Amino acid sequence: MELRRIRTNGTEFNVALDGAGPPVLLMHGWPHTWQVWREVLPLLGGRRRVIAPDLRGLGDSARAADGFDALTGAGDMLSLLDALGVEQAEVVALDAGVPAAFLLGTLHPARVPRLVLMEGTLPGLPGGFPAPPWWFGFHSAPGLAETVLEGHEAEYLDWFLAAGTFERRGVPQEIRDAFVSAYTGREALRCGFGYYRAAEQNAAAISAAGRLTTPTLAVGGNTVGDLLYRQLTPIADDLTGELIPHSGHLVPLDRPDAVARLLRIDSATGPDRAAASG
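The model shown is predicted, which means the values in this text are computed figures rather than measured ones.

### A closer look at the overall build of the chain
Looking only at helices and strands, one finds 11 helices and 10 strands in the chain. Considering only C-alpha atoms, the chain reaches an extent of 55 × 40 × 40 Å along its principal axes. Within the chain, the proportion of its 278 residues that are buried is 56%. Long-range pairs, those at least 24 residues apart, make up 73% of the contacts in the chain with a sequence separation of at least 6. The averaged location of the 32 negative side-chain charges in the chain is 3 Å from the averaged location of its 23 positive side-chain charges.

The following block contains the structure:
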């Protein structure tokens, strides 16, 4: 595996690159970095060209003043593929990465042969959570959460990393430590919360994006479940869904085997396809 710095779209990204074969772009959420995919990579056996960036402002990517909205995020990923000379890539997204991945697939279907969207919902479409989780409001208030949490990042993130895993077992220590390090400090926190503060922009962009023609798989663990599948059903032309048993919100860490199965390539049939969930 190689870590590379790539400057594009007005900022600089830290990108993990691995393997060879059909490209797949992996987009993490909050409070994660590219390392949320770390346990999946060995299971792919090098058969995919993996591109796993730290998203704008997060992890070891450059801190950013703005641009945390999903439309900019889709542009970031498109520019990153261009910088790597990749014409097409399957796009896999988790949690806060889902809105940008959705817009990338909707607005640029020629570049995205397949979308896999995990454990996230889409503002601007009906059918999400009946009421937003408590932290959405806290994270969205400008300047508040980073002021309150500075100096207590580890305790706060540990709550999410436990709550987001099956039976609250938490994540491997090395990956947990990488996440805590990535979100320690006021600027790191501010960038992470910027993704929540873009919710209204995201809702407007998603509402205006039109139909989703890219073949799409909506994957649920025990937190979002089939909400995303139901949100996408009225607007997607080629949609399947899968609920992953024995998985919390952090599907790539709880069930890396299931994620790898969805991404492995069989030369005769192409990417595995899952049965619809609803």
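### Digging into helix α2 (residues 98–107)
Counted residue by residue, α2 has 9 buried out of 10 residues, so it is predominantly covered. For α2, every residue scored as buried is listed here: Val98, Pro99, Ala100, Ala101, Phe102, Leu103, Leu104, Gly105 and Thr106. If you follow the buried residues of α2, they end up packed against β3 (23–27), α1 (70–83), β5 (90–94), β6 (115–118), α8 (199–207) and α9 (227–232).

### Thoughts on the nonpolar core
Considering soluble globular proteins, one finds that nonpolar side chains tend to be buried as a cluster. Counting 59 residues, the largest nonpolar core has Met27, Ile51, Phe102 and Leu232 as the members making the most contacts within it. Ignoring any residue separated from it by four or fewer positions in sequence, one finds Ile51 in contact with Val15, Ala16, Leu17, Val24, Leu25, Leu26, Leu80, Leu81, Leu84 and Val86. Ranked by size, the runner-up nonpolar core spans 30 residues in total, among them Trp34, Val50, Leu217 and Val251.

### Comments concerning the side chain of Gln35
Within the secondary structure, Gln35 sits in the loop between β3 and β4 (49–53). Since its relative accessible area comes to 15%, Gln35 is described here as buried. With residues near it in sequence (within four places) discarded, Gln35 still touches Ile175, Ala178, Phe179 and Leu253.

### Here's the deal with the packing of α2 against α8
For the pair α2 and α8, the least separation of the axes is 11 Å and the interaxial angle reads 25 degrees. As judged from the angle between their axes, α2 and α8 are roughly parallel. The two elements α2 and α8 meet at a crossing, and its hand is left-handed. Between α2 and α8, the contacting residues are Pro99, Phe102 and Leu103 on the first element and Asn202, Ala205 and Ile206 on the second. For the contact of α2 with α8, the residue count by class is 5 nonpolar, 1 polar and no charged.

### Some remarks on the packing of aromatic side chains
Applying the stated criterion to the full structure yields 16 aromatic pairs. On the basis of an interplanar angle of 35 degrees and a centroid distance of 6.1 Å, the ring pair of Trp134 and Phe160 is categorised as tilted. Here the residue Trp134 occupies a position in helix α3 (residues 134–140), and Phe160 occupies one in helix α5 (residues 153–163), the gap between them amounting to 26 residues. According to the relative accessible area criterion, Phe160 is buried, its value standing at 10%. With 5.0 Å between their ring centres and 80 degrees between their planes, Trp159 and Phe160 make a pair best called edge-to-face.

### Details of the pairing of β4
Here is the key point about a regular strand: its side chains alternate between the two faces of the sheet. Most of β4 is tucked away: 4 of the 5 residues are buried. Examined bridge by bridge, β3 and β4 share 3 bridges and lie parallel to one another. Directly across from Leu25, in β4, lies its bridge partner Ile51.

Rules of the game
- Residues numbered from 1 in each chain as written.
- Predicted model: local features only at pLDDT ≥ 70, side-chain atom pairs only at ≥ 80, totals over all residues.
- Heavy atoms only, no water.
- Helix = DSSP H or I, 4+ residues; strand = E, 2+ residues; numbered from the N terminus.
- Buried < 20%, exposed > 50% of the residue type's maximum accessible area, 1.4 Å probe, protein only.
- Contact = heavy atoms within 4.5 Å.
- Lys, Arg positive; Asp, Glu negative; His and termini not counted.
- Charge placed at Lys NZ, Arg CZ, Asp CG, Glu CD.
- Core = buried A, V, L, I, M, F, W, Y, C linked by side-chain atoms within 4.5 Å.
- Axes fitted to C-alpha atoms, helices over the stretch in contact; angles between N-to-C directions.
- Parallel < 35°, antiparallel > 145°, perpendicular 65-115°, else oblique.
- Left-handed = near helix turned anticlockwise from the far one by under 90°.
- Nonpolar A, V, L, I, M, F, W, Y, C, P; charged D, E, K, R; others polar.
- Phe/Tyr/Trp six-rings, centres within 6.5 Å; stacked < 30°, edge-to-face > 60°.
- Pairing = 2+ DSSP bridges.

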